[in-house]
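Residue-level structure breakdown
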Amino acid sequence: AIETLRQAMALGQRFGNHLITLEALAYLTTLLYQQGQLCEAIRMCEQTARRYMDERGQPLPVAGVVYVSRGMLYYEVNDLDSAYHHLTIGISLCLQMGIIHPALLGQYTLAKIYGVRQATEAMWETLGAARQLAARSENQRLIRLVNAVTAELQLREGLIAAAALTLAELPETVKDRSEPENLNLARLL
């Protein structure tokens, strides 16, 4: 999968298809992180982000995808200031471009940062914005993703009944639920 994504990035670059290049990068960096190559994933994001700047040194709107990826990776290394910086830029750029999935990933990671920083009101506001965005997309997978993160943060806040309510409409079988949904259900039990 990693080699295929590297090839997709190269093809996207060769044909000038920036969205393909950046989407492939986002998936590639996620896989690299999952395989213990976090430094390589961050390095790739940093290099790619430098290629998507305007003449004033500002990120181009299409770079939102890579900024969200950078933010998520920095969150994983507990560099919350860098994560916040990249996520807020990335979310804004993705919304300008109408790229929903990375914007949602950025919003839920940003909500987690607010939770860690005990900025509870900002955390719930960010999740509310993510919920509205997911609902407008009418994509059930994205709606369920936001619900899973909401339940996770509700459990962290000790809001057991609220988390149970958030998770109440999940599919009944384990195989029909996502990993985050199953983890939250296990935490709830």
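Before any of the text, the structure's been laid out above.
Residues numbered from 1 in each chain as written. Predicted model: local features only at pLDDT ≥ 70, side-chain atom pairs only at ≥ 80, totals over all residues. Heavy atoms only, no water.

**Some points on helix 8 (residues 140–156)**
Its 17 residues place the ends of helix 8 24 Å apart at the C-alpha level, agreeing with the 24 Å of an ideal helix rising 1.5 Å per residue. Those residues of helix 8 that sit buried are Leu142, Leu145, Val146, Ala148, Val149, Thr150, Ala151, Glu152, Leu153, Gln154 and Leu155. The N-capping residue of helix 8, defined by a side-chain oxygen 2.9 Å from the backbone nitrogen of Arg141, is Asn139. Phi for Gly158, located one or two positions after helix 8, is positive at around 80 degrees. (Helix = DSSP H or I, 4+ residues; strand = E, 2+ residues; numbered from the N terminus. Expected span 1.5 Å × (residues − 1). Buried < 20%, exposed > 50% of the residue type's maximum accessible area, 1.4 Å probe, protein only. Polar contact = N/O pair within 3.5 Å; in protein donor to acceptor, adjacent residues only side chain to side chain.)

**Some remarks on the environment of Ala63**
Inspection of the secondary structure assignment puts Ala63 in the loop between helix 3 (38–51) and helix 4 (64–76). For Ala63, a relative accessible area of 0% translates into the label buried. Each C-alpha atom, one on Ala63 and one on Ala49, is 6.5 Å from the other, the two residues being 14 residues apart in sequence.

**Some thoughts on the environment of Ala163**
Tracing the backbone through its elements, the reader meets Ala163 in helix 9 (residues 160–167). Under the relative-accessibility criterion, Ala163 is labelled buried at 0%. Spatially, the C-alpha atom of Ala163 lies 9.9 Å from that of Arg187, the residues being 24 residues apart in sequence. Ala163 has contacts with Ala151, Gln154, Leu155 and Leu188, leaving out every residue within four places of it along the chain. (Contact = heavy atoms within 4.5 Å.)

**Here's the deal with the state of the cysteines**
Under the defined criterion, the tally for this structure stands at zero disulfides. For the unlinked cysteine Cys94, the closest cysteine sulfur is that of Cys45, found at 12 Å. Look at Cys94 and you get buried, because its relative accessible area is 0%. (Disulfide = S-S within 2.5 Å.)

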